[in-house]
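What follows is the residue order along each chain.
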Amino acid sequence: MSSPCHTSAVLAVFMALAVGVGAEQSKERSCDVVGDESSESQMERALLKKLEPLSQMRFNVTVEKGKTENYVYHFRVCREVNSTLHDFGGLVQTDRQNGRTTVIGRINETQVFNGSDWIMLIYKGGDSYGSHCSGEKRRAVIMISCKRGVTASSFSIISEEREKEQECFYLFEMDSSVACPAEDSHLSVGSILLITFASLIAVYIIGGFLYQRLVVGAKGMEQFPHFAFWQDLGNLVADGCDFVCRSKPRNAPAAYRGVGDDQLGEESEERDDHLLPM
């Protein structure tokens, strides 16, 4: 009995290790800013988080110059182009003639900064140049410009600067809405307060109506919340308007008195007095 149990335990351990290794491999690496983790600024972290919606997208561009240069550039934002190689390659060049791949920049040596409507992403630590640029490591510079309504588009290579002694680079550009600044609200403070006040009034009327109808069981105008209060308030307002807005004193006699029934009655009695016997 002990032998089967021992075998089952060993298999369970191996399965757990396999699952752990598989999970570790499936987790893709992301951008690591140049320098120690403690030296990363809040701005750099915020920009990397802002670029996160582009991380699952892949970008390719083909460049053909005569018969000598025919390349395809593969690019991912803060992810490895080929995660199975574990080479941190974020921008890779493939020679279509011989299939050779060259890492232009790696995500573990990233720099990022921005302006008002653009973000500059730089991958350093690429494969070394041969006879160019003093044999230094390649570097990819990607300019991401603001374009509202577009997640990402127009990825292209602008130029390759390799005639200098140092600081050579590949320059790419693309459009994306993630580089756009936040849009300012067009509503003024007064408009916001008015909308809030109207919303509260609507909630008060609808909620009070439902309470009066369903809980209290009121009918007709009594369904209006606090109907008696608003009725008294309306009467007070009407009295105030009557007191303030009338153009003559309330107790002043009328300038013209018409002939009424009361006057006719009094005169008729006075006329009939002399007909009574003495």
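For the chain, the name recorded in an unreviewed UniProt entry is Cation-dependent mannose-6-phosphate receptor, with Eudyptes sclateri as its organism.

Caption draft 1: Seen up close, the sheet that holds strand E5 (residues 118–125). Strand order in this open sheet of eight strands is E1-E2-E3-E4-E5-E6-E8-E7, and the pairing throughout is mixed. Looking at which strands have only one partner, the edges of the open sheet turn out to be strand E1 (58–65) and strand E7 (153–161). Averaged over neighbouring strand pairs, the angle between their axes works out to 25° when direction is ignored. Running over the sheet, helix H2 (residues 42–50) touches strand E4 (101–114) and E5 and is turned about 120° from E4.

Caption draft 2: Focus on the pairing of strand E8 (residues 169–176). Of the two faces of E8, the one holding Tyr170, Phe172, Met174 and Ser176 is buried and the one holding Phe169, Leu171, Glu173 and Asp175 is not buried anywhere. Looking at chain direction, strand E6 (residues 140–146) and E8 are connected through seven bridges and run parallel. Pairing of Cys146 across the sheet is with Ser176, part of E8. Of the strand pairs in this sheet, E7 and E8 are connected by six bridges, and their pairing is antiparallel. Counted as the bridge partner of Glu160 is Tyr170 from E8.

Caption draft 3: Layout of the packing of aromatic side chains. Evaluated as defined, the whole model comprises 10 aromatic pairs. Judged by centre distance (5.9 Å) and plane angle (45°), the rings of Phe59 and Phe155 are tilted. One end of the pair, Phe59, is in strand E1; the other, Phe155, is in strand E7, and 96 residues separate them in sequence. Overall, Phe59 belongs to the buried group, its relative accessible area being 7%. Exposure remark for Phe155: the relative accessible area of 10% places this residue in the buried category. Pairing Phe75 with Phe155 gives two aromatic rings, centres 5.2 Å apart and planes at 15°, and the pair type is stacked. Within this pair, whereas Phe75 is found in strand E2 (residues 69–76), its partner Phe155 is found in strand E7, the two being separated by 80 residues in sequence. Positioned over the ring face of Tyr129 is Arg138, at 4.6 Å from the centre of the ring.

Caption draft 4: Summary view of the environment of Glu160. Tracing the chain through its elements places Glu160 in strand E7. Along the chain, Glu160 and Leu171 lie 11 residues apart, while their C-alpha atoms are 6.2 Å from each other. Setting aside chain neighbours within four positions, we find Glu160 in contact with Tyr129, Phe169 and Tyr170. Separated by 2.9 Å, the side chains of Glu160 and Tyr170 make a polar contact.

Caption draft 5: Highlighting the state of the cysteines. For the coordinates displayed, the defined rule picks out three disulfides. Note that Cys133 is cross-linked by a disulfide to Cys168, the S-S spacing being 1.8 Å. In this structure the cystine formed by Cys133 and Cys168 twists about its S-S bond by roughly -100°; its chirality is therefore left-handed. With Cys133 in the loop between E5 and E6 and Cys168 in the loop between E7 and E8, this pair connects stretches of sequence that are 35 residues apart. The two residues Cys133 and Cys168 agree in class, both being buried.

Rules and cut-offs
- Residues numbered from 1 in each chain as written.
- Predicted model: local features only at pLDDT ≥ 70, side-chain atom pairs only at ≥ 80, totals over all residues.
- Heavy atoms only, no water.
- Pairing = 2+ DSSP bridges.
- Helix = DSSP H or I, 4+ residues; strand = E, 2+ residues; numbered from the N terminus.
- Axes fitted to C-alpha atoms, helices over the stretch in contact; angles between N-to-C directions.
- Contact = heavy atoms within 4.5 Å.
- Buried < 20%, exposed > 50% of the residue type's maximum accessible area, 1.4 Å probe, protein only.
- Phe/Tyr/Trp six-rings, centres within 6.5 Å; stacked < 30°, edge-to-face > 60°.
- Lys NZ or Arg CZ within 6 Å of the ring centre and 35° of its normal.
- Polar contact = N/O pair within 3.5 Å; in protein donor to acceptor, adjacent residues only side chain to side chain.
- Disulfide = S-S within 2.5 Å.

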